[in-house]
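# Tertiary structure, described
Read off the chains here:
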Amino acid sequence: MTETQVVSLSFYRFNSVADRLWALVMMGLARRPMAQVPGIGFWKLCGSGTGEGFTPLPNTAVYAILATWPDERTAKSSLTETPVFQRYRAKATETWTVFMATDQARGAWSGETPFLVSSSASPGPLAALTRATIKPGILARFWRRVPNISKVIGQDPNVIFKIGIGEVPWLHQVTFSIWPDAAKMANFARTGHHAEAIKAVREEGWFREELYARFSLLSDEGTWGGTSPLKQLESA
């Protein structure tokens with residue numbers, strides 16, 4: 001029986017100045033130990049943005065690690081047992097990891113196609129991830145639009161979780177959000193400021209590289225804001 005590739009996205013919150021500086025330094029120093037984690041495939045270390053996360057101002061308290069694994073068992077054991085992930089948990093005041101299987105994926109990330117489609121789209125809850133390398137010449141235009149999108153998504157009662165992260169401030173942007181179903185996500189994507197931005201991206205060629213992926217939710221571990229964000233899906 002073929003195992004299903006699992007994608008993990010882990011978030012870490014750091015309170016003290018010393019721990020925030022440690023997390024910033026680890027954006028460089030963690031690269032070697034990350035590459036040596038047993039079973040890990042594609043991985044990225046990311047910082048985050050302030051507000052709803054979709055802003056050019058960095059949030060020095062929140063960092064994220066995205067990784068792919070051959071199966072859920074390997075993902076959970078590696079995240080628990082390997083020293084680099086243990087160090088992140090020891091320093092962080094709060095951590096949360098969501099485990100996912102890829103329903104759809106198109107585009108590239110750092111020249112790779114990291115997500116293997118392993119399940120068909122379901123009518124239930126889902127996560128969406130977009131990643132883009134922004135052309136330097138359009139940075140100002142891009143970031144002028146983002147606050148409007150951030151405000152709208154922050155007010156949308158249907159979004160369960162949302163954050164903006166990235167590998168390099170301003171140039172590399174990743175958006176991650178969780179929705180009750182595909183219809184509610186599509187309604188947001190096709191209206192208002194978000195739809196206008198998508199049109200501008202296509203017409204003006206804002207991105208040097210881009211990727212879109214949609215995931216089924218498998219499970220989660222830890223808390224964010226004192227609870228699991230996925231608990232909102234029960235009431236939604």
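Refer to the structure presented above.
Residues numbered from 1 in each chain as written. Predicted model: local features only at pLDDT ≥ 70, side-chain atom pairs only at ≥ 80, totals over all residues. Heavy atoms only, no water.

### Examining the overall build of the protein
- Along the protein, the regular secondary structure elements total eight helices and eight strands.
- Buried positions account for 48% of the 236 residues belonging to the protein.
- Contacts in the protein between residues at least 24 apart in sequence constitute 76% of all its contacts with a sequence separation of at least 6.
- Element-wise, carbon and sulfur atoms account for 55% of the exposed surface of the protein, whose accessible area totals about 11400 Å². (Helix = DSSP H or I, 4+ residues; strand = E, 2+ residues; numbered from the N terminus. Buried < 20%, exposed > 50% of the residue type's maximum accessible area, 1.4 Å probe, protein only. Contact = heavy atoms within 4.5 Å. Areas by Shrake-Rupley, 256 points an atom, 1.4 Å probe, with all protein chains shown as cover.)

### Description of the packing of aromatic side chains
- A full pass over the atoms with the stated rule returns 15 aromatic pairs.
- With centroids separated by 6.3 Å and ring planes inclined at 65 degrees, the aromatic side chains of Phe-161 and Phe-176 adopt a geometry described as edge-to-face. Of this pair, Phe-161 sits in strand β6 (residues 161-166) while Phe-176 sits in strand β7 (residues 172-179), and the two are 15 residues apart along the sequence. The pair formed by Phe-161 and Phe-176 is uniform in burial state, with each residue classed as buried. (Phe/Tyr/Trp six-rings, centres within 6.5 Å; stacked < 30°, edge-to-face > 60°.)

### Things to note about the pairing of strand β3 (residues 58-69)
- With nine of its 12 residues buried, β3 lies for the most part within the structure.
- Relative to β3, strand β1 (residues 6-13) runs antiparallel, the two being bridged by eight bridges. Bridge pairing in β3 places Leu-9 opposite Leu-66.
- With six bridges connecting them, strand β2 (residues 43-49) and β3 associate as antiparallel partners. (Pairing = 2+ DSSP bridges.)

### Overview of the environment of Ala-127
- If you trace the backbone, Ala-127 turns up in strand β5 (residues 126-134).
- Separated by 34 residues in sequence, Ala-127 and Phe-161 place their C-alpha atoms 8.9 Å apart.

### Notes on the side chain of Ser-78
- By the secondary structure assignment, Ser-78 is in helix α3 (residues 72-81).
- Looking at Ser-78, its side chain comes within polar contact range of the main-chain oxygen of Pro-38, at 2.9 Å.
- Beyond its immediate chain neighbours, meaning those up to four positions away, Ser-78 contacts Val-37, Pro-38, Trp-69 and Phe-85. (Polar contact = N/O pair within 3.5 Å; in protein donor to acceptor, adjacent residues only side chain to side chain.)

### Quick notes on the packing of helix α1 (residues 17-29) against helix α4 (residues 83-91)
- The geometry of α1 relative to α4 is characterised by a closest axis approach of 10 Å and an angle of 155 degrees between their N-to-C directions. In terms of orientation, α1 lies roughly antiparallel with respect to α4. Viewed along their axes, α1 and α4 form a crossing whose handedness is left-handed. Counting all contacts with α1, which are made through Asp-19, Trp-22 and Met-26, the residues of α4 involved are Val-84, Arg-87, Tyr-88 and Lys-91.
- Residues of the contact of α1 with α4, tallied by class, amount to four nonpolar, no polar and three charged. (Axes fitted to C-alpha atoms, helices over the stretch in contact; angles between N-to-C directions. Parallel < 35°, antiparallel > 145°, perpendicular 65-115°, else oblique. Left-handed = near helix turned anticlockwise from the far one by under 90°. Nonpolar A, V, L, I, M, F, W, Y, C, P; charged D, E, K, R; others polar.)

### Some points on the nonpolar core
- Leu-9, Phe-11, Phe-115, Leu-129 and Phe-176 are the most contacted members of the largest nonpolar core, which has 29 residues in total.
- Those elements that provide at least two residues to this core are β1, β3, β4 (94-107), β5, β6, β7 and β8 (207-222).
- If one sorts the elements of this core by residue count, β3 sits on top with four residues.
- Residues in contact with Phe-115, not counting those within four places in the same chain, are Gln-5, Val-7, Leu-66, Thr-68, Thr-102, Ala-105, Trp-109, Leu-129, Leu-211, Ala-213 and Phe-215. (Core = buried A, V, L, I, M, F, W, Y, C linked by side-chain atoms within 4.5 Å.)

### Things to note about the pattern of salt bridges
- Tallied over the full model, the rule gives seven salt bridges.
- Where Arg-13 meets Glu-94, a salt bridge forms, and the shortest distance between an N and an O atom there is 3.2 Å. Of this pair, Arg-13 sits in strand β1 while Glu-94 is found in strand β4, placing the two residues 81 residues apart along the sequence.
- Judged by its relative accessible area of 23%, Arg-13 falls in the partly exposed class.
- In this structure, Lys-76 engages Glu-72 in a salt bridge whose closest nitrogen and oxygen atoms are separated by 3.2 Å. With a gap of four residues between them, Lys-76 and Glu-72 both fall in helix α3, about one helical turn apart.
- Glu-72 sits in the partly exposed class, given a relative accessible area of 26%. (Salt bridge = Lys/Arg side-chain N within 4 Å of Asp/Glu carboxyl O.)

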